[in-house]
Each structure stands twice: as structure tokens, then as C-alpha cells.
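Summary of the model geometry
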Amino acid sequence: MIRRCVPGDEAALEAFLARHAATSMFLRGNLARFGLGSGTHPHATRLWRLPAEGPIRAVLGLTNAGVVLCQIPGATPAEVAALAGALAGERATGLTGEAGQIAALLPALGLGPAAMRADSTEPLYRLTLADLPPGPAPLRRPRPGDEPLLQDWFRGYFRGTGFAPTDPAEEAALCRDRAIEACAEDSSCRLLLRDGRPVAMAALNAQVADLVQVGGVYVPEAARGLGLGREVTRALLAEARDRGARVAVLFANNPAAARAYEAIGFSRIGSYRLVFLARPVALQEEVFALRDM
């Protein structure tokens, strides 16, 4: 019924995931970048499909970092249980996907509120970039020397979204790594400038074909309420549109962010859920515990 995906499955996987494009960006982006879980990058993802043969109806992914990614629309309780069973023995650190699907998958994995460090269900938005409003906004790429500033901004971002690690050393390492990644030559992160100084940031956390997903929008607390989040998002998307993107999706962590996105034309199309576990969990133990109840 369930099997791990192997070379040769890529076209069928992409065709299935593309039919659910707005909630499959992490799965599609990781598949396009890393293939079927090869390599050691934290985002490289192993994939399982249902059924084993024929047209795909559900896909689960597990990144090297332990994040479970799902696209299981319409899966029955028995199918959800079978998909969860495919991950038995694996180490998980979090889950992400369409909100209703995550709600079905969590109990099948034996994961409840006590296992969670953070759990956020957020409105999912979509925008056709031809409808993006015009407006000048000076952007630049992060560059060497911006790392201290970006470490502070990422710390504020993770704490503001509720996704900051509770361990200070782990939080510091995460912010340092994200700042270094943002300054890399191929980074999608952009800084909004005022009088030549960075005042806000935004990035694309996934891009597949002509669809992009926005992530990491941050405005320092002292500069909020001035429309900078809206402005940096609009400018980032204008740049993506000029490179050929046609559609953007994103999810909003708070009402102020939602209002900013709606102001540049985004419309809500659903809900997306992100769960981070308090500690890495060996899913075999959790699944067997659930089945014994």
C-alpha cells in the first residue's frame, strides 16, 4: 500500500504535488533541489507514496532535520495510519502542512500537545503577481558584514513567531546559521533600505516553476506600524515577478501580518499548520504507544 519513493517516481510525484501547489511548496522545492532524499543537507527529504503503484493519492516526506511534510488530501483514517506507520523508527522534530491534514496525522503518530514546543495554525494566502500593485522600494541583497544585524533580526523573528528554540545555545546557533545563509550569494533574502540603511527583510523560502512562497518577513519592533512589512514583501515579489514568477503564496503568523498581505492583494485560500516538537521524538515509540492504548 505504501512504499518509499525511488528514482523514476519524480515525474509522478511532481504531477501529484502540482495539483495541490499552494500547500506543497516545501515538498516540491526540496524534491526539485535535492531529489529523493540524497545528500546531507537538512532540507533533503525522503518521500513515501500511497499507493505503491498507480496514480499517487498521498505523499509524506521527512527531511534530514526531522520535519514531516505531508500532502494527504482525502486520506482515510486507515490510510493515515498506514502512512504514519511508514515513519515508524524515524526521528521527528516537527510537522508542517495543510491544517486539516496535520490534524489527522498528529494522533496517528501518537503526538499530542504535551510533545509540542510550538503549534501554529495560520491563514494561507495567494496572489497572482500580475495584480501586484506598483511602487518603488529600494532593496539589496545581504552582504558580508550584515551577519550581526541579521542574527538579531532572526532572533526577533523566531521569538515573535513562537518558533524560537528554548535552549539559548540552540537559538544562537540557529540565528547564526540563518544569518550566514542569508548572506550567501544564492540567497533569496532581501533587505529594504531607508536612507541607505536596512530597515526590514523578506525572503522566498520556496520557488518551484512559476510559483513562489514568501517567508521570513521581519520588521524590527521599533519600526513597526509604518508599512515596512507590506513594502518589503511587495518589492520582493516584484523582483520575483520580473524573473518569471506568476503566483505567490504565504501564511501569516499574526493579524498585523495578515492585514499587510491583504493590503497588497493577497486573498485567503485556506489554513496551514506548523508544529515544532519540544524534543526529537522516535516515532516508532510514539506510534506503538498509541496502538497499545
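Quick look at the structure, then. (Residues numbered from 1 in each chain as written. Predicted model: local features only at pLDDT ≥ 70, side-chain atom pairs only at ≥ 80, totals over all residues. Heavy atoms only, no water.)

**Here we look at the sheet that holds strand β5 (residues 91-98)**
In space, the 12 strands of this open sheet follow the order β1-β2-β3-β4-β5-β12-β6-β11-β10-β9-β8-β7, with mixed pairing throughout. Each of the sheet's edge strands pairs with one partner strand only, and the pair in question is β1 (3-4) and β7 (139-140). Note that strand β2 (residues 45-50) and strand β3 (residues 58-63) share 6 bridges and pair antiparallel. What sits directly across from L47, in β3, is G61. Helix α1 (residues 10-18) rests against β2, β3, β4 (67-71) and β9 (197-208) of the sheet, and its axis sits at about 105° to β3. (Pairing = 2+ DSSP bridges. Helix = DSSP H or I, 4+ residues; strand = E, 2+ residues; numbered from the N terminus. Contact = heavy atoms within 4.5 Å. Axes fitted to C-alpha atoms, helices over the stretch in contact; angles between N-to-C directions.)

**Brief notes about empty space enclosed by the protein**
If you walk through the whole model with that rule in mind, you get 1 cavity of 30 Å³ or more. Residue lining of the largest cavity: T23, S24, M25, F26, L27, L69, C70, T96 and Y272, and that is the complete set. When contributions to the lining of the largest cavity are tallied by element, the ones reaching two or more residues are α2 (25-34) and β4. The element contributing the most residues to the lining of the largest cavity is α2, with 3 residues. (1 Å grid on protein atoms, 1.4 Å probe; cavity = no way out; pocket = protein on both sides within 12 Å on 5 of 7 lines; lining within 4 Å. Points joined across faces, edges and corners; volume = space filled by probe spheres on them.)

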